[in-house]
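# Notes for the structure review
Here is what each chain is made of, one letter per residue.
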Amino acid sequence: MIRKIISFLCLIMLFSGIAAFAHTAFIENSGTNQYKAIRLTPEIYKNAKSDLSDLLLKDDKGETVPYFINTSHLKIYKGSEHYPMSLINSYIKDDFFYFDYKISERQNGDIIGTSIEFTTKNTNFAKAVEVFGSYDNKFWEKVQDDTLYSVDGKTKLEILFHSPQKFTHYRLKLANNLEKIAFNSVKLNHETSTFEKSYFSESINAEFHTQEVGKQTNINIENVKHLRIEALILDTDSIFKRFVSSPLGTKKEIYNLSFNNTAYKDTQIPLNWQVSKDDALTVTIDNNDDKPINIKAITVKYFADEVVFEGKSGSVYTLQFGSSDTAKAPVYDIASYQNEILKGETDRLSIKEIKLDKVREELPQYDYKLIFNIVIILVAVLLGVLILLRLRKK
């Protein structure tokens, strides 16, 4: 009897593990860069967990490949301004050599410097220097200590300030000048960098159907499960001006009008990153007493993610997903230095085919974990009863 119960338990465990089937996306590998990026598609979002914690990347040897998920691209815009400086004084005091400079041309507004740069014909020297700044050539403030050198073809003739400076005069102090170093030119530099974060925006032509309910039109957009939707754009030839509302309460007036041969059109419905937990999303148009508008097509704009990993040319990679409803997001070292990776170039790979596990799709959606736990409890109780019965017989 106990053997039968154990066999039954094993069958239950096997049954509870049916949900372990995975869908697979086959990757088209290309490029020669060290790091690769795969942009996820609506089909992957639909069949993966909403937080993408079940994504598993594998190579052609079946080994797991570490990755991180990137949501945006960082654009860097650099600018620079340069201010020539003139030598206004040089002298020796207490065995120290001093060079004083000022901005050559009068400037309107504040002058900001991020570095000071020198040129010289001297070679084979290395000098510890002190840099001072002044607004009036009378009162001087120390900026920082640094080093200038030109040794064996290697040079460092620019001093990068620890923080931006607004002085109009700069002083260079050298401990000695046995080499009789002279600077041909000096300029103050102001380097700027601005960053612009742009998300990966994609668009699809969505499947949809409309339903008339009273004086309203419900538009049901299909296959948008788990997508972070930016906006919906309606393609219509109807002339109208009406309000439309979304599930989370966003309400907007949309229109398609024409007056005196001039068209006025705004049929975009902003959804501001709304995520549908279901396969379909419904928006509602208030028609009042007018006829429903004719909707020819709907474009869904959404924000996508990229799976970034270190890859090799010629290797075959697959992305598995939907393998477990209880999977936790993997933690890889590569995520800790992703900012450095994203500063360089990555190869954008495409998905050539997605194979969905039909068996998993056709399975009824039961809570197998709960069923398994209940069965375990029942089996434990049954085993306890059998043991008590045997003890009584003895």
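Preceding this section is the structure that the text describes.
What comes next is a walk through the structure. Quantities reported herein were computed from a predicted structural model and do not represent experimental measurements.

## A short note on a nonpolar patch on the surface
A surface patch of nonpolar side chains, about 350 Å² in accessible area, is lined by Ile377, Val381, Val385 and Leu389. Structurally, Leu389 can be placed in helix H5 (residues 368-393). Judged by its relative accessible area of 43%, Leu389 falls in the partly exposed class.

## Things to note about the sheet that holds strand S15 (residues 216-221)
An order of S14-S15-S21-S17-S18-S19 is seen for the six strands of this open sheet, with the pairing classed as antiparallel. The open sheet terminates on both sides in strands that have one partner only, identified here as strand S14 (208-213) and strand S19 (262-266). Across the sheet, the axes of successive neighbouring strands diverge by a mean angle of 25°, strand direction being ignored. As paired elements, strand S17 (residues 240-245) and strand S21 (residues 281-286) share two bridges and run antiparallel to each other. Across the sheet, residue Ser245 finds its bridge partner in S21, namely Thr284.

## Focus: the packing of aromatic side chains
Considering all chains together, one arrives at 13 aromatic pairs under this definition. Ring geometry for Phe118 against Phe183: centres 4.8 Å apart, planes inclined by 45°, an arrangement best described as tilted. Taken together, the residues Phe118 in strand S7 (residues 113-119) and Phe183 in the loop between strand S12 (169-174) and strand S13 (185-205) connect sequence positions 65 residues apart. On the basis of relative accessibility, which here comes to 15%, the residue Phe183 falls in the buried class.

## Concerning the sheet that holds strand S3 (residues 56-58)
Read across the open sheet, the seven strands follow the order S3-S24-S1-S25-S2-S23-S4; overall the sheet is mixed. Only two strands of the sheet have a single neighbouring strand rather than two, namely S3 and strand S4 (67-70). When strand polarity is set aside, the average angle formed by the axes of neighbouring strands in this sheet is 30°. Bridge count between S3 and strand S24 (residues 318-321): three bridges; the pairing is antiparallel. If you follow Lys58 over to S24, its bridge partner there is Thr318.

## So, the pairing of strand S16 (residues 228-236)
Pairing between S16 and strand S20 (residues 268-275): five bridges, direction antiparallel. Across the sheet, the residue bridging to Ala231 is Pro270, located in S20. Alignment of S16 against strand S22 (residues 295-304), held across eight bridges, turns out to be antiparallel. Among the inter-strand pairings, Ile229 is bridged to a residue of S22, identified as Tyr302.

## Observations regarding the pattern of salt bridges
If you walk through the whole model with that rule in mind, you get 17 salt bridges. One salt bridge in this structure joins Lys156 and Asp146, with 2.6 Å as the shortest N-O distance. Pair noted here: Lys156 is in strand S10 (residues 154-156) and Asp146 is in strand S9 (residues 141-151), with a separation of ten residues, a long-range link. Residue classification places Lys156 among the partly exposed positions, given a relative accessible area of 25%. We note a salt bridge from Asp266 to Lys252, for which the minimum N-O separation is 2.9 Å. Taken together, the residues span a long stretch of sequence, with Asp266 in strand S19 and Lys252 in strand S18 (residues 251-259) at a distance of 14 residues. Since its relative accessible area comes to 22%, Asp266 is described here as partly exposed.

## Quick word on the side chain of Thr120
In this fold, Thr120 is placed in the loop between S7 and strand S8 (125-134). A distance of 2.9 Å separates a polar atom in the side chain of Thr120 from a polar atom in the side chain of Asn122. From its side chain, Thr120 meets the backbone oxygen of Ala182 in a polar contact 2.7 Å long. Residues contacting Thr120, with those up to four places away along its chain left out, are Phe125, Leu157, Ile181, Ala182, Phe183 and Asn184.

Scoring rules and cut-offs
Residues numbered from 1 in each chain as written. Predicted model: local features only at pLDDT ≥ 70, side-chain atom pairs only at ≥ 80, totals over all residues. Heavy atoms only, no water. Patch = residues over 30% accessible without salt bridge, like charges linked within 9 Å, V, L, I, M, F, W, Y side chains within 5 Å. Areas by Shrake-Rupley, 256 points an atom, 1.4 Å probe, with all protein chains shown as cover. Salt bridge = Lys/Arg side-chain N within 4 Å of Asp/Glu carboxyl O. Helix = DSSP H or I, 4+ residues; strand = E, 2+ residues; numbered from the N terminus. Buried < 20%, exposed > 50% of the residue type's maximum accessible area, 1.4 Å probe, protein only. Pairing = 2+ DSSP bridges. Axes fitted to C-alpha atoms, helices over the stretch in contact; angles between N-to-C directions. Phe/Tyr/Trp six-rings, centres within 6.5 Å; stacked < 30°, edge-to-face > 60°. Polar contact = N/O pair within 3.5 Å; in protein donor to acceptor, adjacent residues only side chain to side chain. Contact = heavy atoms within 4.5 Å.

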